[in-house]
Amino acid sequence: MKNLLKKELHKIENDLWSIANKMYENPELGDQEFESMKLLVDLLSKHEFEVEVGIVGRPTAFRAEYHSDKPGPKVAFLAEYDALPVVGHGCGHNLIGTISAGAGITLSKIIQEIGGSVVVLGTPAEETNGAKVPMSEKGIFNDIDVAMILHPGDQSHISGDSLAMDAIQFAYTGKTSHAAASPEEGINALDSVIQLFNGINALRQHLLPDVRIHGIISEGGKAANVVPDYAVGQFYIRAKERSYLNQVVEKVKAIAEGAARMTGAILEISNYELSYDEMKTNQALSAAFTNNLEQTSKLPILSAKETYGSIDMGNVSQVVPAIHPYIGMNKPGLIAHTKEFANQTITEDGFEALRSGALALAYTGFDVITDTKLYESIQAEFKGKK
């Protein structure tokens, strides 16, 4: 029956490739991906998926579902389609969206025969304010048995881990004054931010090596001869596990409060983007996918990438068995978030990644639905990690 899946994918691969190229030509930033979403939704609707747009209060998020008349597991493929400023699809989300839509449509063609259901979830703004976070919180995955996403890369890698992350803003309000004539009348908010940076730098020595703290001064005053009355530092704080990240965040907040007391400024702390939890790969599901990718791709599959980044798929992996592997575009050493990466997505190697990746996901969905032992091992592993 997997040969039938291959034939079904072949029927739609040119449509998928056309959409990937249109996304490349018209990159849209997170939560603004209206045209990209429409391209995917129109294709899924054409293949008789039931589509709901604007879920979890995000206008460019969607859920597309194809039901069979037989009971069975519900398999979800997650689509991303947001781009980056300047470099466009330098993270290859034009391929992620089409790979997942292609896998869902392909699997739907035999779902009446094998049972179960197929879901394609459109998940906007992964690069900034990932919609998978509210989806995980608001029960979108409550009826889903496994969730899969496949990310393009320079080479293929099995699904691995990612760091939990909080995006925290520290805003200090002081008092303006003439910086030369009457500095004693002012309260320097910029000094607070500088002391915050100094305190964080001193803290680094006493943290576990997986922690990453990096930030900017997004506001620091308007003129050198005016004591700044408002200054803002924005930081990403990351760690391997959410529990330890929470401890680190409390330490950083204490430093921020100390900086305010040192200068007399008033401090306001807020999250300027959604928080991401660490990725927990389901190894049973990952092994099944890797086996299928070996059948569909000629490229080697390497061990999990060592990464210090964060992904909103981490939040998904906390509520449902999930994987986030990488499909190679046959260019070792290619760096993500570059124009070169974006350009590689529309080469023949990019097309091959789309084709082999979508097929491997569809094969894995088929295995989850038809192989009872695999399904049970996936669920047993997930429940053991909860």
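Since we're looking at a predicted model, the values are computed, not measured.

**A word on helix α8 (residues 283–296)**
In an α-helix, one full turn covers 3.6 residues, which means residues spaced three or four apart are oriented alike.
Okay, step 1: Over its 14 residues, α8 extends 20 Å from the first C-alpha to the last, a length consistent with the 20 Å expected when each residue adds 1.5 Å.
Okay, step 2: Of the residues making up α8, those classed as buried are A284, L285, S286, A288, F289, T290, N292, L293 and T296.

**Thoughts on the side chain of T60**
Okay, step 1: Looking at the secondary structure, you find T60 in the loop between β1 (50–53) and β2 (62–67).
Okay, step 2: Among the residues examined, T60 registers a relative accessible area of 0% and is labelled buried.

**A closer look at the pattern of salt bridges**
Okay, step 1: One pass over the structure, following the stated rule, counts 16 salt bridges.
Okay, step 2: Here E13 ties to R355 by a salt bridge, and the two come within 3.7 Å at their closest N and O atoms. Taken together, the positions of E13 in helix α1 (residues 2–25) and R355 in helix α11 (residues 348–370) put the pair 342 residues apart, joining distant regions of the chain.
Okay, step 3: Judged by its relative accessible area of 8%, E13 is buried.
Okay, step 4: Take R355: its relative accessible area is 24%, and that puts it in the partly exposed class.
Okay, step 5: A single network of salt bridges, built from pairs that share partners, joins E13, E348, E352 and R355.

**A short note on the sheet that holds β2**
Okay, step 1: Pairing in this open sheet of six strands is mixed, and the strands run β1-β2-β4-β3-β5-β13 from one edge to the other. Each end of this open sheet is capped by a strand with a single partner; those strands are β1 and β13 (322–323).
Okay, step 2: Where helix α3 (residues 93–108) meets the sheet, it contacts β2, β3 (74–79) and β4 (117–122), and its direction lies at approximately 155 degrees from that of β3.

Calculation notes
- Residues numbered from 1 in each chain as written.
- Predicted model: local features only at pLDDT ≥ 70, side-chain atom pairs only at ≥ 80, totals over all residues.
- Heavy atoms only, no water.
- Helix = DSSP H or I, 4+ residues; strand = E, 2+ residues; numbered from the N terminus.
- Expected span 1.5 Å × (residues − 1).
- Buried < 20%, exposed > 50% of the residue type's maximum accessible area, 1.4 Å probe, protein only.
- Salt bridge = Lys/Arg side-chain N within 4 Å of Asp/Glu carboxyl O.
- Pairing = 2+ DSSP bridges.
- Contact = heavy atoms within 4.5 Å.
- Axes fitted to C-alpha atoms, helices over the stretch in contact; angles between N-to-C directions.

Function cannot be read off these values alone, since they describe shape.
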